[in-house]
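Spelled out, the chains give:
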Amino acid sequence: MNPVIEAILNRRSCRDFTGDPLPEEHVELLKETLRWAPSAGNRQPWRFVLVRDRGVRIRLGEAAYGQMFIAEAPLIVVVIALPEVSAKRYGDRGRGLYCLQETAAATQNLLLAAHSLGYRSCWVGAFDEGGVRRVLDLGPDERPVALVPVGNGTYTEARTDRVPTKKLFRDIP
Ligand SMILES: Cc1cc2nc3c(=O)[nH]c(=O)nc-3n(C[C@H](O)[C@H](O)[C@H](O)COP(=O)(O)O)c2cc1C
């Protein structure tokens, strides 16, 4: 199967990590896939914090309402939107929509790249933004939008369900 399609179809969220560190060349590849996500007008309204420190990972797990599985991963990538960078060119549409779509695209790149390299990951969106801001000492224009633990998983989760195709798509032939 085409490797991109394979990754899209077979990637699954992981909530149980072994903690083995990632080799630096894999971390560099993951960083490249974040950098090369698309963005409106190529504004790239994002920053990424790579957290390997165990103490900081634990504090992020606490800020994620106690989802401590994220602290067990050797790496947590914190995806940060820069709404004012988008707003500078696109006003409210940039601030309220584009920068969130663009950081979501970057996040999906990361999940698929991690899968391709044989790692597991999980897109974690349930966290206290103020808590994550404090842990990472973020500025007022930096909005944390996703925490992504990446590492080796201890088992493969069952395939999650999806809404059936015939309910989802409407054809206008
Ligand atoms: C915006 C967003 C927020 C999410 N937040 C969490 C979260 O806080 N904790 C968690 O365990 N999973 C979270 N997930 C993962 C979803 O639960 C998961 O993608 C979904 O159940 C489908 O399963 P799959 O990823 O294995 O296909 C989130 C996913 C997205 C896209």
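For the structure, check the block above.
Residues numbered from 1 in each chain as written. Predicted model: local features only at pLDDT ≥ 70, side-chain atom pairs only at ≥ 80, totals over all residues. Heavy atoms only, no water.

**Topic: the site of the ligand**
Lining the immediate surroundings of the ligand are 13 residues, of which Ser13, Arg15, Gln67, Trp123 and Arg162 lie closest. For the ligand, an oxygen atom lies 3.1 Å from a polar atom in the backbone of alanine 126. Within the side chain of threonine 160, one N or O atom sits 3.0 Å away from an oxygen atom of the ligand. Burial of the ligand by the protein amounts to 64% of the accessible area it has alone, namely 620 Å². Looking at the shell around the ligand, its residues break down into five nonpolar, four polar and four charged. (Near = heavy atom within 4 Å. Polar contact = N/O pair within 3.5 Å; in protein donor to acceptor, adjacent residues only side chain to side chain. Areas by Shrake-Rupley, 256 points an atom, 1.4 Å probe, with all protein chains shown as cover. Nonpolar A, V, L, I, M, F, W, Y, C, P; charged D, E, K, R; others polar.)

**Some thoughts on unusual backbone geometry**
Residue asparagine 42 is not a glycine yet carries a positive backbone phi of 55°. Tracing the chain through its elements places asparagine 42 in the loop between helix H2 (24-35) and strand E1 (46-51). Not every positive phi belongs to a glycine, and aspartate 137 is a case in point at roughly 55°. By the secondary structure assignment, aspartate 137 is in the loop between helix H6 (129-136) and strand E4 (143-151). (Helix = DSSP H or I, 4+ residues; strand = E, 2+ residues; numbered from the N terminus.)

**Thoughts on the sheet that holds E4**
Read across the sheet, four strands follow the order E1-E2-E4-E3 without closing on themselves; strand pairing throughout is antiparallel. Because the sheet does not close on itself, it has two edges, and the strands there are E1 and strand E3 (120-121). When strand E2 (residues 75-81) meets E4, the two strands line up antiparallel, connected through seven bridges. Along E4, the bridge assignment pairs isoleucine 80 with proline 144. On top of the sheet, H2 reaches E1, E2 and E4; it is set at about 160° to E1, its chief contact. Running over the sheet, helix H5 (residues 83-116) touches E1, E2, E3 and E4 and is turned about 10° from E4. (Pairing = 2+ DSSP bridges. Contact = heavy atoms within 4.5 Å. Axes fitted to C-alpha atoms, helices over the stretch in contact; angles between N-to-C directions.)

**Observations regarding the nonpolar core**
Core analysis: the largest hydrophobic core is formed by 21 residues, its most contacted members being Leu60, Ile70, Val78, Val132, Leu136 and Leu147. Among the elements of the structure, helix H3 (54-63), helix H4 (69-72), E2 and H6 are those that each provide at least two residues to this core. Excluding its chain neighbours within four sequence positions, the residues that come into contact with leucine 147 are Leu60, Ala64, Ile70, Ile76, Val77, Val78, Cys122, Trp123, Val124, Phe127 and Val132. Counting 18 residues, the second-largest nonpolar core is a separate cluster that includes Leu30, Ala106, Leu110 and Val150. (Core = buried A, V, L, I, M, F, W, Y, C linked by side-chain atoms within 4.5 Å. Buried < 20%, exposed > 50% of the residue type's maximum accessible area, 1.4 Å probe, protein only.)

**Details of a nonpolar patch on the surface**
Taken together, the side chains of Met1, Val4, Ile5, Ile8 and Leu9 make up a nonpolar region of the molecular surface, amounting to roughly 500 Å² of accessible area. Mapped onto the elements, valine 4 comes out in helix H1 (residues 3-10). Accessibility expressed as a relative area gives 52% for valine 4, which makes it exposed. (Patch = residues over 30% accessible without salt bridge, like charges linked within 9 Å, V, L, I, M, F, W, Y side chains within 5 Å. Salt bridge = Lys/Arg side-chain N within 4 Å of Asp/Glu carboxyl O.)

**A closer look at the packing of aromatic side chains**
Two numbers describe a pair of aromatic rings. These are the distance of the centres and the angle of the planes. Using the criterion set out here, one finds two aromatic pairs in the structure. With centroids separated by 6.1 Å and ring planes inclined at 40°, the aromatic side chains of tryptophan 46 and phenylalanine 48 adopt a geometry described as tilted. Ring centres of tyrosine 90 and tyrosine 98 lie 5.1 Å apart, and the angle between their planes is 75°; on these two criteria the pair is classed as edge-to-face. (Phe/Tyr/Trp six-rings, centres within 6.5 Å; stacked < 30°, edge-to-face > 60°.)

**Let's talk about H2**
For the α-helix, the turn length of 3.6 residues means that residues three or four positions removed from each other point alike. Here H2 contains twelve residues, and its C-alpha end-to-end distance of 17 Å stays within 8% of the 16 Å for a straight helix at 1.5 Å per residue. Buried within H2 are the following residues: Val27, Leu30 and Leu34. Along the axis of H2, the buried positions cluster into a sector of 60°, meaning they face one direction only. On its buried face, H2 sits against E1, E2, H5 and E4. (Expected span 1.5 Å × (residues − 1). Arc of directions from axis to C-beta.)

**A closer look at the state of the cysteines**
Going through the model one piece at a time under the given rule, you end up with zero disulfides. The thiol of cysteine 14 is unpaired, and the distance to the nearest cysteine sulfur, on cysteine 122, comes to 7.8 Å. Judged by its relative accessible area of 3%, cysteine 122 falls in the buried class. (Disulfide = S-S within 2.5 Å.)

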